[in-house]
Structure formats: structure tokens, C-alpha cells
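Each chain is listed here by its residues.
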Amino acid sequence: MNYFSSNFKLGILGGGQLGKMLLNDTRKFDIYTCVLDASNEAPCKIASNEFHIGNLMDYDAVYNFGKQVDVLTIEIENVNVDALEALEKEGVEVYPSSKTLRTIQNKATQKLFYVDNEIPTASFSRFAYTSEIQDAIDHGGLSFPFVWKCAQFGYDGTGVKIVRSVSDLEELPNVECIAESLIPFKNELAVIVARNKAGETKTFPVVEMEFHPEANQVEYVICPARIPDDIAQKAERVALKTSEAFNHVGLLAVEMFQTEDDNILINEVAPRPHNSGHQTIEASFTSQFEQHLRAILNLPLGRTASKVGGVMVNLVGEEGHTGNVIYENIDNIMTMEGVTPHIYGKKQTRPFRKMGHVTIVNEDLNEARRIAEEVKKTIKVISG
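About the thresholds
- Residues numbered from 1 in each chain as written.
- Predicted model: local features only at pLDDT ≥ 70, side-chain atom pairs only at ≥ 80, totals over all residues.
- Heavy atoms only, no water.
- Salt bridge = Lys/Arg side-chain N within 4 Å of Asp/Glu carboxyl O.
- Helix = DSSP H or I, 4+ residues; strand = E, 2+ residues; numbered from the N terminus.
- Buried < 20%, exposed > 50% of the residue type's maximum accessible area, 1.4 Å probe, protein only.
- 1 Å grid on protein atoms, 1.4 Å probe; cavity = no way out; pocket = protein on both sides within 12 Å on 5 of 7 lines; lining within 4 Å.
- Points joined across faces, edges and corners; volume = space filled by probe spheres on them.
- Nonpolar A, V, L, I, M, F, W, Y, C, P; charged D, E, K, R; others polar.
- Pairing = 2+ DSSP bridges.
- Axes fitted to C-alpha atoms, helices over the stretch in contact; angles between N-to-C directions.
- Contact = heavy atoms within 4.5 Å.
- Parallel < 35°, antiparallel > 145°, perpendicular 65-115°, else oblique.
- Left-handed = near helix turned anticlockwise from the far one by under 90°.
- Phe/Tyr/Trp six-rings, centres within 6.5 Å; stacked < 30°, edge-to-face > 60°.
- Lys NZ or Arg CZ within 6 Å of the ring centre and 35° of its normal.
- Polar contact = N/O pair within 3.5 Å; in protein donor to acceptor, adjacent residues only side chain to side chain.

Q: Any chance you could explain the pattern of salt bridges here in plain terms?
A: Opposite charge on two side chains permits them to pair, given that their charged atoms come into close proximity. Within this structure, the stated rule accounts for 22 salt bridges. With a closest N to O distance of 3.2 Å, K9 and E50 form a salt bridge. Note that K9 is positioned in strand β1 (residues 9-13) and E50 in strand β3 (residues 50-53), a separation of 41 residues in sequence. Judged by relative accessible area, K9 falls into the partly exposed class, the value being 24%. Given the relative accessible area of 19%, E50 is considered buried. The partner of E373 in a salt bridge is R369, and the shortest N-O contact between them spans 2.8 Å.

What follows is the structure in C-alpha cells.
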């Protein structure tokens, strides 16, 4: 099939920043794109060929949109899977598949998938409702501390809480959830695996993620991870095994823990471009977004090696600020060497909302990390 400067249509479910960055590469290749999102102010609106308004969880909205395109992909997991399954049966190519998404959308189902496929992960208990956890504690089946995760619709740090006492449980919604062992770990790592329909597979270098302690969001992504080669190889093997188990097409971002005794445990996955791969735009031979397009269109995969060390800093809304966004001191960070800001196009900020990111590239990774710290201290996402 001819994808370039042709009648071919690529559909994207979700119009957020990931879709916006994906559209940079569809425009580079002159691939016609259609985007579906619920917001008329979604970042993707300005760059897509067609922009459609619709609820991603609504069967009819997703089904009717999907009937208009040749290949359908996502930039967010919370979409109507029944509609995707119907579209697949009618010949629309959907990547990731409805089967993969159905497994990943529910954290309990996702964890059971790892157990069934002998993929190492933290031990856990599954509960239909949070209220059932108290009984498990009372009868000795569960002890503090543990990590509570809602089974569905958690995103960007929401739906996750470390539970250290009964009082912590009182704040949680009464929903389907899992209680996961709190694992002492040295590092949080991620590997992005790309796989096309022909089965060609490539991995991006292992990255190290540093999280904000309050928001449970990634603050820094460091590539390559500052870990020994044997640990990096172990992480890559776990990521490839996970990819093989899902038999996915496209990108699969595999988030992992490096434990105190250097085991690798899978945390969760995302079958799409991911926050842990944003630095690839400046630092890699092939960005994760171009690679996703290559994979879902069954084109040869690009080179995944890094050209230079890269650190990504997330730009999130400052606490105490809600309203029209202002990027304070952005001109100051642009004087720093190797610094590239990416602004997502969201007009309204609120505390911890992802508003953009900054990539720092440098031959010396430690210097890149130092500059990243300076960037973080300098730029402020406020309202005004």
C-alpha cells in the first residue's frame, strides 16, 4: 500500500500531546491523518488533516470514526475496545489490537497476564472493591505497607497510592483494584520495544526514570540508564519477552523495577509512544514517534541507537496555579546548551498537569543531568 501523498488515511484515537508529536512525523512523510478527541481544543487539532469530536469511550463514536480510515492507532489506552474489535472483524487494521488493549486496560488483568506468561512482576492480590481489603488485612492475608492501584482509568500518577495504615484506605475510592507488594528498588527503568507486522523487532536503549515524590509522575528520563551493562541486558530481555507474549504491533513501553538484589520486575506497559521516549526526538537516530509509524505501517524499523546522551524534563503545572498558562523564564532555559523545549499546546494549566517537556542533549550524560536540574529550577508553568 502507498501511504505517502496518497488516499491512505491513518486514524488516531486521542488528540493529546502524544498524538501531536506523532503528527510531526506524519506531516514529514505526508501521511493523511484523522484524529478523534472529545475536546475541541485538543493539541492535535492544528496539525491533523481531519479533526473529529467524539468520546473515545463511546462505541458509536469510535466505530463510526474507524470506518473512515485504513489503519487505526491510539495515543491513549482509554478507548472503547468493543468498537475496535468490531472494526477488526470488518477489515480495519487496528494497532495495538483490541485483544492487547483489553488486557492492558485493566491492571488486574494485566498482572494476571504476566503471571500466566512467566514474566517477573511484584506479587499482588485482586479485589472487586477497595472495601474488601480491610477483611484481607484482618484475616492476615495482607499486611502494610502495600501499593494500592485502581484496576481501570488510572493515568499519570492518579489511581496509585502507597498504603501504610488503615487511615490511608479511608481516602481511596471503592472500586476494583489490586494491592501490590511494595518492592524496595534501586531504579525505575523502561524499555521501548518496536515491532512491525512482519515481526521485525527493535529496542530503544534502557532509560532510567526519576519520579516526583508527591505527584507520582516522571520528572526526569535519563538515557542511557546509569546502570551496569548486565542489568541493562536483563531489562531488555524482560521487555522483549513481554513484547513476544503480547504479540503486539507498534510500540510497547515496558516499565520495570531494578530491585535491591538486581532482579528485574515488570511494573506495567503502555502500547503506544510513551513519556519515557520523548528524548528520542533529539537524542536518537529514529524518534519513538517515527518508529511507531514505521511499525504500524509495516515499514522497515529505524535505527534505535542514541546519537548523544539525553535527559528529558517534564513540564507540569505548578501547585497553586489554575487558569491560562504562562511559561515563566522559558527564554532563560533556551540560552542553555543543548536545551530544546516542547510545548504541548494546552491553554489551561492546573497543578501537576503535563504541559510540555524539555530535552537536554550532551556528550556527557552527567552534564546533561546537571543542566536538566537547572532547567527544572528555572522554568515555571504558572497561570496568569
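This is not the end of the story, as more comes after the structure.
Q: Can you help me understand the layout of surface pockets in this one?
A: Empty space among the atoms can be located by rolling a probe the size of a water molecule over them. A volume near 240 Å³ is recorded for the second largest pocket. What lines the second largest pocket is a set of 15 residues, and nearest its centre among them are E219, V316, G317, E318 and K376. Across the lining of the second largest pocket, the residue classes break down as six nonpolar, four polar and five charged.

Q: What exactly am I supposed to notice about the sheet that holds β1 here?
A: Sheet strands line up and pair through hydrogen bonds in the backbone, either parallel or antiparallel. Read from one edge to the other, the open sheet built from five strands follows the order β3-β2-β1-β4-β5, with strand pairing classed as parallel. Only two strands of the sheet have a single partner each, and these edge strands are β3 and β5 (93-95). Pairs of neighbouring strands in the sheet enclose a mean axial angle of 20°, with direction left out of account. Its contacts with the sheet place helix α2 (residues 59-66) against β1, β2 (32-37), β3 and β4 (71-74), and it is angled at close to 175° to β2.

Q: Got a minute to help me understand the packing of α2 against helix α3 (residues 81-89) in this structure?
A: The geometry of a pair of packed helices is captured by two quantities: the angle between their axes and the separation between those axes. The geometry of α2 relative to α3 is characterised by a closest axis approach of 8 Å and an angle of 30° between their N-to-C directions. Classified by the interaxial angle, the pair formed by α2 and α3 is roughly parallel. Classified by chirality, the crossing of α3 by α2 is right-handed. Residues Y59, V62, Y63 and G66 of α2 touch α3, and the partners they reach there are D82, A83, L84, A86 and L87. The residue inventory of the contact of α2 with α3, partitioned by class, reads seven nonpolar, one polar and one charged.

Q: How should I be thinking about empty space enclosed by the protein in this particular structure?
A: Enumeration according to the criterion identifies two cavities of 30 Å³ or more in this entry. Of the voids in this model, the largest cavity is the one considered here, and its volume is about 50 Å³. Looking at the largest cavity, the residues that line it are A190, I192, F204, P205, V207, C223, S276, G277, Q279 and T280. Residues of the lining of the largest cavity, tallied by class, amount to six nonpolar, four polar and no charged.

Q: Whenever I open this one, the packing of aromatic side chains confuses me. Can you help?
A: The relation between two aromatic rings is expressed through the spacing of the ring centres and the mutual angle of the planes. Summed over all chains, the structure comprises eight aromatic pairs. Ring centres of Y3 and F4 lie 6.2 Å apart, and the angle between their planes is 85°; on these two criteria the pair is classed as edge-to-face. Taken together through their ring pairs, the aromatic side chains of Y3, F4, F8 and F29 make up a single cluster. A cation over a ring is seen here: R303 above F285, with NZ or CZ 3.8 Å from the ring centre.

Q: Explain the packing of α3 against helix α4 (residues 98-105) here, please?
A: Look at α3 against α4: their axes get within 9 Å of each other, and the N-to-C directions meet at 165°. Between α3 and α4, the crossing angle belongs to the class labelled roughly antiparallel. For the pair α3 and α4, the sense of crossing is left-handed. Residues V81, D82, L84, E85 and E88 of α3 form the contact with α4, whose participating residues are S98, L101, R102 and Q105. By residue class, the composition of the contact of α3 with α4 is three nonpolar, two polar and four charged.

Q: Sorry, what's going on with helix α5 (residues 107-116) here?
A: For an α-helix, the turn length of 3.6 residues means that residues three or four places apart are oriented alike. Within α5 the residues assigned to the buried category are K107, A108, Q110, K111, F113 and Y114. Buried residues belonging to α5 abut α4, β6 (124-127), β7 (146-150), β9 (177-181), α8 (229-246) and β15 (264-270). Where α5 begins, the side chain of N106 points an oxygen toward the backbone nitrogen of A108, at a separation of 2.9 Å. Phi turns positive, to about 55°, at E118, one or two residues after α5.

Q: What exactly am I supposed to notice about the sheet that holds strand β8 (residues 160-163) here?
A: Taken in spatial order, the four strands of this open sheet run β6-β9-β7-β8, and their pairing is antiparallel. Strands at the two margins of the open sheet, each flanked by one partner only, are β6 and β8. Across the sheet, the axes of successive neighbouring strands diverge by a mean angle of 20°, strand direction being ignored. Bridge count between β6 and β9: four bridges; the pairing is antiparallel. Paired with S125 across the bridge in β9 is A179. Here α5 sits on the sheet and contacts β6, β7 and β9; the angle it forms with β6, its principal contact strand, is near 140°.

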